[in-house]
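Architecture and fold: a report
In case you want the letters, here they are:
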Amino acid sequence: MNTKVWAEWFGIEVVDDEVKRMVDAAARWATAVKREESPRWLSLLGKSGTGKTHIAKRLWRWCQRRDDFEGRNQYNPSFVYWPKFLDDMKTDMHLSAKYQDMNRWRYLCLDDVLAERQSDWTTEKINTLANVRVGKWTILTSNLSMVQIAKVDKRIASRMVRDKGIVADVNTKDYNLR
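Described in the following lines is the structure provided in the data block. This is a predicted model, so every value here is computed, not measured. (Residues numbered from 1 in each chain as written. Predicted model: local features only at pLDDT ≥ 70, side-chain atom pairs only at ≥ 80, totals over all residues. Heavy atoms only, no water.)

Another point: the nonpolar core. Core analysis: the biggest nonpolar cluster contains 28 residues, and I12, M22, W29, L42, I55, L59 and Y107 have the highest contact counts within it. Contributions of two or more residues to this core are made by α1 (3-10), α2 (17-34), β1 (41-46), α3 (52-64), β3 (107-111), β4 (137-142) and β5 (166-170). Apart from the residues within four sequence positions on either side, Y107 is in contact with W29, V33, W60, C63, R66, D68, F69, P77, R133 and W137. W82, Y99, L110 and L114 belong to the second-largest nonpolar core, a separate cluster that totals 25 residues. (Core = buried A, V, L, I, M, F, W, Y, C linked by side-chain atoms within 4.5 Å. Buried < 20%, exposed > 50% of the residue type's maximum accessible area, 1.4 Å probe, protein only. Helix = DSSP H or I, 4+ residues; strand = E, 2+ residues; numbered from the N terminus. Contact = heavy atoms within 4.5 Å.)

Take the pairing of β5 next. Alternating residues of β5 divide into I166, A168 and V170, all buried, and V167 and D169, none buried. By the bridge criterion, 5 bridges tie β1 to β5 in an arrangement that is parallel. Directly across from S43, in β5, lies its bridge partner V167. (Pairing = 2+ DSSP bridges.)

Another aspect to go through is α3. Here α3 contains 13 residues, and its C-alpha end-to-end distance of 18 Å stays within 8% of the 18 Å for a straight helix at 1.5 Å per residue. Every buried residue of α3 is accounted for by K52, I55, A56, R58, L59, W60, W62 and C63. Taken together, the buried residues of α3 touch α1, α2, β1, β2 (79-81), β3 and β4. (Expected span 1.5 Å × (residues − 1).)

The parallel open sheet is built from 5 strands, whose spatial order is β2-β3-β4-β1-β5. Two strands close off the open sheet at either side, each with one partner strand: β2 and β5. Averaged over all pairs of adjacent strands, the angle between their axes in this sheet comes to 10 degrees, without regard to strand direction. In the sheet, β2 pairs with β3 via 3 bridges, with the strands oriented parallel. Each bridged residue has a counterpart across the sheet, and for Y81 the counterpart in β3 is D111. Its contacts with the sheet put α3 on β1, β2, β3 and β4, and the angle it makes with β4 is roughly 160 degrees. (Axes fitted to C-alpha atoms, helices over the stretch in contact; angles between N-to-C directions.)

By convention here, two paired aromatic rings are described through the distance between centres and the angle between planes. Tallying each qualifying case throughout the model produces 6 aromatic pairs. Ring geometry for W6 and W9: centres 5.7 Å apart, planes at 80 degrees, overall edge-to-face. One end of the pair is W6 and the other is W9, both in helix α1 and 3 residues apart, which spans about a single turn. Given the relative accessible area of 28%, W9 is considered partly exposed. An aromatic cluster of three or more residues is present, and its members are W6, W9, F10 and W62. (Phe/Tyr/Trp six-rings, centres within 6.5 Å; stacked < 30°, edge-to-face > 60°.)

Remember that the coordinates give geometry; whether it matters functionally is a separate question.
What follows is the structure, encoded as structure tokens:
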């Protein structure tokens, strides 16, 4: 794995071993997609400002250009900022249908999972989606660590690692604060 090449492709500076681990994890996921291996998750976890969303968006744009994206005519998968999506879903019935569609999308990217104000409803929404997404290409970012996610709901943490899921739980400084 050539971290430098992948970091350039992601447009991210490898400033320490933690960022290197995240880049390598994302590269392994992209390589698995390209090789058409069994679908799995990529979970990028850690503090704000570490490059998780930046990498996730780069991967998402790449997925959208793939022939197997399945979004051109049937439905329109999108990059989902999870806290806002949940907030909007409470008042917009069309988003409830989109939530159901996420079950069948070949690729899904959920950004800032569990950053929303926690309630039984919000936890159940991500748990249900996580359950039906097992075995599908999924990218997830969260400011929480794997330990913190497991404290919210162990089922969510379990699904992140199931079926060769790739987790990069990084502990590095915010790029903006260096």
